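Structural characterization, general
Listed here are the chains, written in short residue letters.
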Amino acid sequence: MIEDRERAVAYVAGRLCTFSSARLIRDAETGRFVLMSGEVSADRVHIYDFQTRGYLAGSRTAGRWNLFHAGDNATIELIQTEPDRFAGHDHSSGQWFVVTVTGRIALVKDMIPGRSRRYAL
């Protein structure tokens, strides 16, 4: 999955699981912080990524989040499978992924290449 979409998904999953209102997310691999802001609630997501100047927005219907990443013109589906775990599909790249949230750390793992990346709220 493309880095900006991956970061946005990690941010949303982290906020949903921790009920945090964090405005920064840190890529644990690079150590870089990115400022994010917006609404993440049980039914609605509308966030802005200051690094890419892009929005991620959507809503939850029948237990599935349907999110649109305006910066990449990409659609992402996200399903909460457990209180701290999500499964998802990035329709633009065709990749499946899993997000696991432990404390304030969100681990995003791509299913096909087997790559994973940690983000901290």
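Above: the structure in question.
Just so it is clear, the structure is predicted and the values come from calculations on it, not from any experiment.

Val12, Ile25, Ile47, Leu78, Phe97 and Val99 are the most contacted members of the largest nonpolar core, which totals 29 residues. When contributions to this core are tallied by element, the ones reaching two or more residues are helix H1 (3-18), strand S2 (33-40), strand S3 (44-49), strand S5 (64-69), strand S6 (74-82), strand S8 (95-102) and strand S9 (105-110). Looking at this core element by element, the count peaks at eight residues for H1. In contact with valine 99, not counting residues within four places along its chain, are Val9, Ala13, Asp84, Arg85, Phe86, Ala106, Leu107 and Val108.

Along the chain, aspartate 49 turns up in strand S3. A polar atom in the side chain of aspartate 49 sits 2.8 Å from the backbone nitrogen of glutamine 51. Leaving out residues up to four positions away in the same chain, aspartate 49 has contacts with Arg7, Val34, Leu35, Met36 and Gly54.

To continue, consider the environment of leucine 67. Within the secondary structure, leucine 67 sits in strand S5. The spacing of leucine 67 and alanine 57 is 10 residues in sequence and 5.4 Å in space, taken between C-alpha atoms. In this structure leucine 67 touches Val45, Leu56, Ala57, Gly58, Ala74, Thr75, Ile76 and Leu78, once residues within four positions along its chain are discounted.

Before going further, it helps to spend a moment on the packing of aromatic side chains. A complete count under the given rule lists two aromatic pairs for this structure. For the ring pair tyrosine 48 and phenylalanine 50, a centre distance of 4.9 Å and an interplane angle of 90 degrees mean the geometry is edge-to-face. Taking 4.8 Å as the distance between ring centres and 55 degrees as the angle between the ring planes, the aromatic pair formed by tyrosine 48 and tyrosine 55 counts as tilted. Through a chain of ring-to-ring contacts, the aromatic side chains of Tyr48, Phe50 and Tyr55 assemble into a single cluster.

The next thing to look at is the pairing of S3. In the sheet, S2 pairs with S3 via five bridges, with the strands oriented antiparallel. Bridged to glycine 38 within S3 is isoleucine 47. As paired elements, S3 and strand S4 (residues 54-61) share six bridges and run antiparallel to each other. Its bridge partner being in S4, tyrosine 48 is matched across the sheet by tyrosine 55. Between S3 and the antiparallel strand that follows it, S4, lie four residues; arginine 53 among them carries a positive phi value of about 55 degrees.

Relative to the 22 Å expected for 16 residues at 1.5 Å per residue, H1 spans 22 Å between its end C-alpha atoms, a close match to the ideal helical length. Among the 16 residues of H1, 14 are classified as buried, and the element is accordingly described as predominantly covered. Looking one or two residues past H1, phenylalanine 19 carries a phi angle of roughly 60 degrees, positive in sign.

Here we take up the side chain of aspartate 27. Within the secondary structure, aspartate 27 is located in strand S1 (residues 24-27). For aspartate 27, a relative accessible area of 5% puts it in the buried group. In this structure aspartate 27 touches Glu3, Arg32, Arg117, Arg118 and Tyr119, once residues within four positions along its chain are discounted.

Criteria and cut-off values
- Every chain is numbered on its own, with residues counted from 1 as its sequence reads.
- Residue-level local features of this predicted model are given only where pLDDT is at least 70; pairs of side-chain atoms are given and counted only at 80 or more, and the full residue set underlies all totals for whole chains, interfaces and linings.
- Excluding hydrogens and water, the side-chain values take into account all heavy atoms of the structure.
- Definition of nonpolar core: a set of buried residues of the types Ala, Val, Leu, Ile, Met, Phe, Trp, Tyr and Cys, connected through side-chain atoms within 4.5 Å.
- Whether a residue is buried, partly exposed or exposed follows from its accessible area with a 1.4 Å probe, protein chains only, as a fraction of its type maximum: under 20%, in between, or over 50%, in that order.
- Runs of E in the DSSP output that reach at least two residues are strands. Runs of H or I that reach at least four are helices, and both are numbered from the N terminus.
- For this analysis, residues touch if any pair of their heavy atoms sits within 4.5 Å.
- Within 3.5 Å is the distance limit for a polar contact, defined as a pair of N or O atoms, with the added protein rule that one can donate a hydrogen and the other accept it, and that residues adjacent in sequence qualify only through two side-chain atoms.
- Between the rings of Phe, Tyr and Trp (Trp by its six-membered ring), a pair exists once the centres lie within 6.5 Å; its type follows the angle of the planes, with under 30 degrees stacked, over 60 edge-to-face, and the other angles tilted.
- Strand pairing is defined by DSSP finding a minimum of two bridges between the two strands.
- Expected span of a helix: the number of residues minus one, times 1.5 Å.

By themselves, these observations are geometric and do not establish any function.
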